2 protein chains.
Amino acid sequence: MNSHTEENYLKAIYKLIEHDTDVVTTNAIADKIKTKAASVSDMLKKLADKKLINYQKYQGVSLTPKGQKVALNIIRKHRLWEMFLVEKLDFKWDEVHDVAEQLEHIHSDKLIAEIDKFLNYPKVDPHGDPIPDVNGKLQLQKSKSLSNFSTGDILVITGVVDHSPAFLRYLDKSGLALGFEIKIKEIIEFDKSLQIMINKKNTLFISLEVAKNILVITK
Amino acid sequence: MNSHTEENYLKAIYKLIEHDTDVVTTNAIADKIKTKAASVSDMLKKLADKKLINYQKYQGVSLTPKGQKVALNIIRKHRLWEMFLVEKLDFKWDEVHDVAEQLEHIHSDKLIAEIDKFLNYPKVDPHGDPIPDVNGKLQLQKSKSLSNFSTGDILVITGVVDHSPAFLRYLDKSGLALGFEIKIKEIIEFDKSLQIMINKKNTLFISLEVAKNILVITK
DNA sequence: AATAAAATTTAGACTAGCCTAAATTTTATT
DNA sequence: AATAAAATTTAGGCTAGTCTAAATTTTATT
């Protein structure tokens with residue numbers, strides 16, 4: 001049986017590995033799940049015994065196929081639950097994380113299959129993150145950060161990098177949401193901030209920091 | 001913080017006290033939650049320290065108002081989740097218990113309020129059990145066991161005593177469901193089994209044991 | 001290459017919950 | 001009322017997961 005805690009470790013490792021390196025450090029994990037490095041070391045030994053991770057003392061860890069499967073299943077459940085909360089229960093996209101963090105550990109294949117059906121098999125969650133399928137397959141994200149584009153480019157918002165409620169509420173307040181069209185009117189020389197037009201209607205200035213955290217595809 | 005385990009103890013105590021005595025024994029609790037009496041003794045001390053139960057060594061336990069509130073809140077969540085599973089996700093009434101047993105421990109007031117709203121504020125769960133309101137108030141059940149009635153009585157099924165999947169599936173197979181009308185055609189002298197007519201259409205024999213586990217009100 | 005700093009692991013201890021076996025208290029029976 | 005049986009509690013131990021402090025290994029810097 002996979003405990004709640006074990007699942008959280010595997011998910012953390014998966015997420016740390018996802019974009020960056022091919023190996024995660026003990027400290028990075030400790031940081032991510034808000035525990036101490038010593039506790040992580042303990043747990044890594046146990047996960048390795050169960051063949052869920054590849055682990056050599058002092059050398060960092062990666063997930064075995066078995067561990068990756070567990071991690072992706074948790075992520076699938078997390079994202080489906082987030083979708084459910086937003087689509088069916090009127091949660092805002094900045095309110096779903098903590099509850100989904102609990103719901104993702106409910107064990108019932110039927111339950112998650114029915115939720116998936118109830119939501120009509122969504123491909124992405126409310127933040128634009130892809131939802132792995134039952135086999136752990138992920139649609140690869142071809143979107144890039146808004147900060148990579150140039151004046152005149154016309155783009156569509158597909159996701160966010162930062163998922164913090166503070167950032168998400170800022171986007172709401174600025175009238176930015178997934179699926180909205182953005183045209184880069186100007187990139188300000190001084191601080192690289194962007195003047196953008198949203199849905200051909202409103203113009204808005206956003207900082208480089210904000211632009212970095214908005215994911216888009218070209219239209 | 002109320003742990004998962006703590007909540008299960010309080011729920012068990014509530015359910016054991018519900019109909020019968022005013023005090024529960026250690027063994028009864030051990031039995032209910034499938035643990036050993038020694039473990040229960042340990043836990044009772046802790047619950048008493050937290051003022052969740054009234055407990056004197058060797059004298060059995062009852063819930064304090066604080067403990068009762070926790071128990072009723074868990075029961076509320078359990079029954080709302082069962083309702084959700086049946087009404088929205090196509091679960092059968094014999095399939096919901098184990099999943100609801102997990103879902104009842106999710107902590108989020110907003111979540112359960114939204115589920116309640118989504119279901120349009122149901123008063124009873126799929127088994128006919130009343131759903132406590134946010135304050136822990138319970139609609140009192142005025143239904144009685146079908147075994148208490150006599151030939152000629154016309155009744156409506158409102159609930160079940162036994163909640164086991166086996167019994168529930170037997171009812172399904174026999175064409176019995178909540179809200180259905182029953183007329184007692186005859187009570188067989190020999191074994192007190194009943195011949196009943198369902199919804200003025202089909203007749204059926206049921207054992208005394210089965211009759212005892214069906215709750216009804218007079219029409 | 002040697003050493004200092006940083007990262008990681010080990011040792012030893014703690015808590016929540018559980019267990020078995022032994023001791024104690026209550027209840028039932030003579 | 002005394003004793004046997006049943007119920008309950010205590011004592012002592014176990015596991016999962018956490019922690020701090022100390023030891024070890026790796027990495028960075030001189």
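Criteria and thresholds
- Residues numbered from 1 in each chain as written.
- Chains lettered and ligands numbered in written order.
- Predicted model: local features only at pLDDT ≥ 70, side-chain atom pairs only at ≥ 80, totals over all residues.
- Heavy atoms only, no water.
- Near = heavy atom within 4 Å.
- Polar contact = N/O pair within 3.5 Å; in protein donor to acceptor, adjacent residues only side chain to side chain.
- Helix = DSSP H or I, 4+ residues; strand = E, 2+ residues; numbered from the N terminus.
- Nonpolar A, V, L, I, M, F, W, Y, C, P; charged D, E, K, R; others polar.
- Expected span 1.5 Å × (residues − 1).
- Buried < 20%, exposed > 50% of the residue type's maximum accessible area, 1.4 Å probe, protein only.
- Arc of directions from axis to C-beta.
- Domains from an automatic or database assignment.
- Pairing = 2+ DSSP bridges.
- Axes fitted to C-alpha atoms, helices over the stretch in contact; angles between N-to-C directions.
- Parallel < 35°, antiparallel > 145°, perpendicular 65-115°, else oblique.
- Contact = heavy atoms within 4.5 Å.
- Least-squares fit on C-alpha atoms with pLDDT ≥ 70 in both.
- Buried area = accessible area lost by both parts, 1.4 Å probe.
- Salt bridge = Lys/Arg side-chain N within 4 Å of Asp/Glu carboxyl O.

J.: Please clarify how the protein's contact with DNA strand D should be interpreted in this entry.
T.: Surveying the vicinity of DNA strand D reveals 22 residues, the closest of which are A:Thr35, A:Ser39, B:Ser41, B:Tyr55 and B:Lys57. Here, DNA strand D places atoms within 4 Å of the protein, and 73% of those atoms are sugar or phosphate. Note that a phosphate oxygen of DNA strand D is positioned 3.1 Å from one of the side-chain N or O atoms of A:Tyr9. Measuring from a base oxygen of DNA strand D, one finds a side-chain N or O atom of A:Asp42 at 3.3 Å. Of all the secondary-structure elements, those providing two or more residues to the surface near DNA strand D are helix H1 (4-19) and helix H3 (37-49) of chain A together with helix H2 (26-32) and helix H3 (37-49) of chain B. Sort the elements by how many residues they give to the surface near DNA strand D and H3(A) lands first, with five residues. In terms of residue class, the surface near DNA strand D is made up of eight nonpolar, nine polar and five charged.

J.: So what exactly am I meant to see when it comes to H3(A) here?
T.: Structural remark: α-helix, 3.6 residues per turn; residues separated by three or four positions point the same way. All names here are of chain A. Here H3 spans 19 Å end to end across 13 residues, near enough to the 18 Å set by a 1.5 Å rise per residue. Taken residue by residue, H3 has Val40, Met43, Leu44 and Leu47 as its buried positions. One side of H3 holds all its buried residues, which, seen down the axis, span an arc of 110 degrees. Pointing more than 90 degrees away from the buried face of H3 are the exposed residues Ala38, Lys46 and Asp49. Within two residues after H3, Lys51 carries a phi angle of roughly 60 degrees, on the positive side.

J.: Please clarify how the domain arrangement of chain A should be interpreted in this entry.
T.: Reports often express the size of an interface as the amount of accessible area lost when the parts come together. You can read the domains of chain A as domain 1 (4-63) and domain 2 (144-218). Distance between the C-alpha centres of domain 1 of chain A and domain 2 of chain A: 34 Å.

J.: Whenever I open this one, the sheet that holds strand E5 (residues 181-187) of chain A confuses me. Can you help?
T.: Strand pairing in a sheet relies on backbone hydrogen bonds. The paired strands run either parallel or antiparallel. Residue and element names in this part refer to chain A. The six strands lie next to each other as E3-E8-E4-E5-E6-E7, forming an open sheet whose pairing is antiparallel. Both outer strands of the open sheet, strand E3 (144-145) and strand E7 (202-206), are each paired with one neighbouring strand and no more. Here strand E6 (residues 194-198) pairs with E7 via five bridges, running antiparallel. Residue Ile198 lies in a different strand from E7, and its bridge partner there is Asn202.

J.: Would you explain the packing of H1(A) against helix H4 (residues 65-88) of chain A in this entry?
T.: Describing two packed helices takes the angle between their axes plus the distance from one axis to the other. Residue and element names in this part refer to chain A. In contact at an axis separation of 8 Å, H1 and H4 are set at 90 degrees when each is read in the N-to-C sense. Relative to H4, H1 is oriented roughly perpendicular. Of the residues in H4, those in contact with Glu7, Leu10, Lys11, Tyr14 and Lys15 of H1 are Gly67, Gln68, Val70, Ala71, Leu72, Ile74, Ile75 and Arg79. For the contact of H1 with H4, the per-class residue count stands at seven nonpolar, two polar and four charged.

J.: Quick question: what am I supposed to make of the relation of the copies chain A and chain B here?
T.: Relating one copy of the chain to the other requires a rotation about an axis plus a shift along that axis. With an RMSD of 0.0 Å, the operation that places chain A on chain B is a rotation of 180 degrees combined with a shift of 0.0 Å along the axis. On this basis, the relationship between the two copies can be described by a two-fold rotation axis. It is A:Leu103 whose C-alpha, among those of chain A, lies nearest the rotation axis, at 3.8 Å. Taken together, the interface assignments show that 100% of the residues at the interface of chain A recur at the interface of chain B, consistent with an identical surface on both copies.

J.: Just checking my understanding: could you explain the interface of chain A and chain B for this structure?
T.: At the interface, 20 residues of chain A touch 20 residues of chain B. Taken together, the two surfaces of chain A and chain B that pack against each other cover about 1700 Å², and 73% of this comes from carbon and sulfur. Taken together, chain A and chain B are joined by two salt bridges. Residue B:Lys117 pairs with A:Asp90 through a salt bridge whose shortest N-O separation is 3.8 Å. Put simply, the parts of the chain that give the side of chain A that touches chain B at least two residues each are H4, helix H5 (97-103) and helix H6 (109-118) of chain A. Ranked by residues supplied to the side of chain A that touches chain B, first place goes to H6(A) with six residues. Per-class residue counts for the side of chain A that touches chain B are 10 nonpolar, four polar and six charged.

J.: Quick question: what am I supposed to make of the protein's contact with DNA strand C here?
T.: For DNA strand C, the set of nearby residues contains 22 residues, the closest of which are A:Ser41, A:Tyr55, B:Ser3, B:Thr35 and B:Ser39. A share of 74% is what sugar and phosphate atoms reach among the atoms of DNA strand C within 4 Å of the protein. A:Lys57 is positioned such that a nitrogen or oxygen atom in its side chain is 2.7 Å from a phosphate oxygen of DNA strand C. A distance of 2.6 Å separates a phosphate oxygen of DNA strand C from a polar side-chain atom of B:Thr35. Its residues placed into classes, the surface near DNA strand C shows eight nonpolar, nine polar and five charged.

J.: Would you mind going over H4(A) with me for this structure?
T.: Between its first and last C-alpha, H4(A) extends 34 Å over 24 residues, near the 34 Å set by a 1.5 Å rise per residue. Phi for A:Asp90, located one or two positions after H4(A), is positive at around 60 degrees.

J.: In this structure, what is going on with the pairing of E5(A)? I would like to understand it.
T.: Side-chain direction in a regular strand flips from residue to residue, so the side chains alternate between the two faces of the sheet. Residue and element names in this part refer to chain A. Relative to E5, strand E4 (residues 154-160) runs antiparallel, the two sharing three bridges. Counterpart to Val156 in the pairing with E5 is Glu181. Inspection of the sheet shows E5 paired to E6 by five bridges, in the antiparallel sense. Looking at E6, one finds that Ile184 is bridged to Ile196. Taking the residues between adjacent antiparallel strands as the criterion, E5 and E6 are bridged by six residues, where Lys192 takes a positive phi near 60 degrees.

J.: Teacher, can you tell me more about the pattern of salt bridges here?
T.: Side chains carrying opposite charge are able to pair once their charged atoms draw close together. All names here are of chain B. One pass over the full model with this rule turns up 22 salt bridges over all chains. Put simply, Arg76 and Asp116 hold a salt bridge, and the shortest N to O gap is 3.2 Å. Here the residue Arg76 occupies a position in helix H4 (residues 65-89), and Asp116 occupies one in helix H6 (residues 109-118), the gap between them amounting to 40 residues. Assigned by exposure class, Arg76 and Asp116 land together as buried.

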